[in-house]
Amino acid sequence: MDDIAEIFDYVADLMKHLDMYCDKPSLRLDGVVYELGLDIYKFVFNITNIIADKCRKIPELQEKKVIQDLNWSYRVENNIGKHDVFCSPYNVPITTMQGFIYAKDIALAR
């Protein structure tokens, strides 16, 4: 999780409430029910690029066909950067499986 924290700024909150995230909690945000959580696409994309770059530098691996056939778009320079979210007490983002939601009306989903 520490490695993921380098990519995603909200890991501390995730780790503090890990049990809650694992139970697929939902909230009704502005009348729409959202499952709380986070999308791991960015993690997988960035880690794939890091691994590809490292494999290209290891002599035993760089000659392997699978490494030679990697598209050069798989490199660290193409990683998705951190997304820092500014908020105020009246505008706090809620992390959902559909991304960040800035809801005005928050209720328990039933």
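A short tour of the structure in this document, coming up. (Residues numbered from 1 in each chain as written. Predicted model: local features only at pLDDT ≥ 70, side-chain atom pairs only at ≥ 80, totals over all residues. Heavy atoms only, no water.)

Reading across from one edge, β2-β1-β5 is the order of the three strands in this open sheet, with antiparallel pairing throughout. Among the strands making up the open sheet, the edge pair consists of β2 (32–35) and β5 (106–108). Ignoring which end each strand starts from, the neighbouring axes of this sheet average 35° apart. As paired elements, strand β1 (residues 26–29) and β2 share four bridges and run antiparallel to each other. Its bridge partner being in β2, Leu27 is matched across the sheet by Tyr34. (Pairing = 2+ DSSP bridges. Helix = DSSP H or I, 4+ residues; strand = E, 2+ residues; numbered from the N terminus. Axes fitted to C-alpha atoms, helices over the stretch in contact; angles between N-to-C directions.)

Moving on: the packing of aromatic side chains. One pass over the structure, following the stated rule, counts zero aromatic pairs. Between the NZ or CZ atom of Arg56 and the centre of the ring of Trp72, over which it lies, the distance is 4.1 Å. (Phe/Tyr/Trp six-rings, centres within 6.5 Å; stacked < 30°, edge-to-face > 60°. Lys NZ or Arg CZ within 6 Å of the ring centre and 35° of its normal.)

The bulk of non-glycine residues show a negative phi, and the bulk of peptide bonds are trans. Phi at Asp30 takes a positive value of approximately 50°, unusual for a residue other than glycine. Structurally, Asp30 is set in the loop between β1 and β2.

Now for the pairing of β1. Residues of β1 alternate between two faces, with Leu27 and Leu29 buried on one and Ser26 and Arg28 left unburied on the opposite face. Counting the residues in the hairpin turn of β1 and β2 gives two residues, including Asp30, whose phi is positive at 50°. In the sheet, β1 pairs with β5 via three bridges, with the strands oriented antiparallel. Note on β5: the bridge partner recorded for Leu27 is Leu108. (Buried < 20%, exposed > 50% of the residue type's maximum accessible area, 1.4 Å probe, protein only.)

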